[in-house]
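Residue-level structure breakdown
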Amino acid sequence: MGFQHVKMPDSGDKIRIEDGQLVVSDEPVLGFIEGDGIGADITPACMKVWNAAVEKAYGGKRRVHWAELYLGEKAAGIYDGDYFPQETLDAIKELNVAIKGPLTTPVGEGFRSLNVSLRQTLDLYACVRPVKWYEGVPSPLKKPHEVDAVIFRENTEDVYCGLEYESGTPENEKLAKFLREEMGAEFFEGAGIGIKPISAYGSKRLVRKAIQYAIDNNRKSVTLVHKGNIMKFTEGAFRKWGYELAAEEFGDVTITEDELWEKHDGKQPEGKIVIKDRIADIMFQLMLLRPADFDVLATMNLNGDYLSDSLAAEVGGMGIAPGANMADNVAVFEATHGTAPKYAGQDKVNPSSLLFSGCMMFDYIGWPEVTKLIEDAFEAVVGNKIVTYDFARQIDNATEVKTSGFADALVDAINKS
Ligand code: NAP
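Residues numbered from 1 in each chain as written. Predicted model: local features only at pLDDT ≥ 70, side-chain atom pairs only at ≥ 80, totals over all residues. Heavy atoms only, no water.

Here we look at the environment of Phe391
Definition in use: Helix and strand labels come from DSSP, where a helix needs a run of H or I of at least four residues and a strand needs a run of E of at least two; each type is numbered from the N terminus. In what follows, residue pairs with any heavy atoms lying within 4.5 Å of each other are defined as contacts.
Mapped onto the elements, Phe391 comes out in helix H13 (residues 389-392). Along the chain, Phe391 and Gly316 lie 75 residues apart, while their C-alpha atoms are 7.9 Å from each other. With residues up to four places along the chain from it excluded, the contact list for Phe391 reads Val137, Pro138, Gly316, Ile320, Asn350 and Phe378.

Below, the structure is given as structure tokens:
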């Protein structure tokens, strides 16, 4: 495909999908979007670390060819005010794998979040957020090493899909009248109304991805998180469809928690993943008190939104939490924090969220050696209390470095390893 502003690298191979599997050469082309605000600080810093780790891991036998794509303010500058250029979407679809920095949502009536638009346009239905503690990272927990979970959050349904009707509008009044008169609903006069659709299709494809991830990564359990005790036909249905999917498609490798106790006396049989469920509110308590009991979590949109940030706080906060948004073929890895405008251009913030999102990307394309080098270097550098400002304010006697200084320390540690 010809592009107007995107310049594909002269060499390297696009990642293809064949029979549902990624086909990755030793010189793949990966897309990157710098991001707004602190994006210009963290993206070049991470790029240095990723390239150094790839070079160290494979001694020149493997190499990434980066293709810069544009979204947000940088795109608006290049595409005549267009924050969301079609050719960026086309390029992501062509490359299948990309990574992005944070994007500003310009404040203004009717301006849709670019992140939400990206997820919806590319149907990136699964938001994947691993939460894991690294040695040396400040945490409010007594045993942060027990936290090692991966949240699969549904991205396209639930209250986030934008079916809302403002109080006082004709649409609201029409819907309120219908609900009261034809459905027997009772609620206060003039209430704003939001609709929460949860489908079997949306729930099952999300749970399928979570279970497949658990199988591929030797995880022990998948927990369906829901509020089905109150919202039976949405949240409760998510739970029901999740169990159905597990039985229908993964019956040979999964057992339910009930079966675990009834047939196996609570001892997990070799090769089986336990499918269990928990009510959303208790889940927050359990992830604080007994995080070791949980592994992969599958959630609807809103529960997953709260839970992801809450769990990130247990292991160091938003400056370090990585993430990805995935469809069946396309995957876009991303820093989970925003553009932190007050720090933009100061070379100050923590690049680790984007850095570890890159690690997720390298795992995804089958280059786990890169992740291992980066994780080891990270623990060595943070263990030496060389950290950016956000960790420095939580660690006694820390040496505070800039974003670029932190990246340089990681590259040094990688090269010395
Ligand atoms: P934010 O940019 O995430 O920043 C909130 C605070 O989080 C910062 O002030 C800072 O805390 C901390 N923080 C964020 N990134 C950090 C990093 N890399 N290292 C260390 N600390 C970090 O949230 P916001 O201010 O609410 O949103 C700003 C803009 O970002 C908005 O336009 C919003 O729409 C957008 N946004 C984009 C994304 C995305 O692209 N995925 C996500 C969220 C928000 P301290 O001040 O305490 O140091």
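Description of unusual backbone geometry
Applied cut-off: Partly exposed describes any residue whose relative accessible area lies between the buried limit of under 20% and the exposed limit of over 50%, with all areas from a 1.4 Å probe on protein chains only and scaled to the type maximum.
The backbone phi angle of Asp123 is positive, close to 50 degrees, even though this residue is not glycine. With respect to the element layout, Asp123 can be found in the loop between helix H4 (114-121) and strand S7 (126-132). The backbone of Asp158 sits at a positive phi, close to 70 degrees, despite the residue not being glycine. Secondary-structure assignment places Asp158 in the loop between strand S8 (148-154) and strand S9 (164-165). What makes Asp158 buried here is its relative accessible area of 0%.

Side note on the site of the ligand
Formally: The cutoff for a nearby residue is simple: one of its non-hydrogen atoms must lie within 4 Å of the molecule or strand. Definition of a polar contact: a pair of N or O atoms within 3.5 Å, with one able to donate and the other able to accept a hydrogen when the atoms are protein atoms, and with sequence-neighbouring residues admitted only if both atoms are side-chain atoms. Using a 1.4 Å probe, the Shrake-Rupley method yields the accessible areas, and only the shown protein chains count as cover for residues.
Around the ligand, a shell composed of 23 residues is seen, among which Gly338, Ala340, Tyr343, Tyr389 and Arg393 lie nearest. Contacts to the ligand include Asn350, whose backbone N or O atom sits 2.9 Å from a nitrogen atom. The side chain of Arg393 places a nitrogen or oxygen atom 2.8 Å from an oxygen atom of the ligand. When the ligand sits alone it has 880 Å² of accessible area, and the protein chains cover 68% of it.

Things to note about helix H6 (residues 200-216)
At 3.6 residues per turn, the α-helix brings residues three or four places apart onto the same side. Worth spelling out the cut-off: Expected helix span is given by 1.5 Å per residue-to-residue step, counting one fewer step than there are residues.
With 17 residues, H6 should cover 24 Å at 1.5 Å per step; its first-to-last C-alpha distance of 24 Å lies within 8% of that length. Those residues of H6 lying buried are Gly202, Ser203, Lys204, Arg205, Leu206, Val207, Lys209, Ala210, Ile211 and Ala214.

Looking at the side chain of Asp36
The condition is simple: In summary, the charge assignment counts Lys and Arg as positive and Asp and Glu as negative, without counting His or the chain termini. Basic side-chain nitrogens of Lys or Arg form a salt bridge, by our definition, when they fall within 4 Å of a carboxyl oxygen of Asp or Glu.
Position of Asp36 among the secondary structure elements: in the loop between strand S4 (28-33) and helix H1 (39-58). Despite its burial, Asp36 remains without a salt bridge, the nearest opposite charge being carried by Lys100 at 8.8 Å. Sequence-distant contacts of Asp36, that is, excluding residues within four places in its chain, are made with Leu71, Gly72, Glu73, Lys74, Pro102, Leu103, Thr104 and Thr339.

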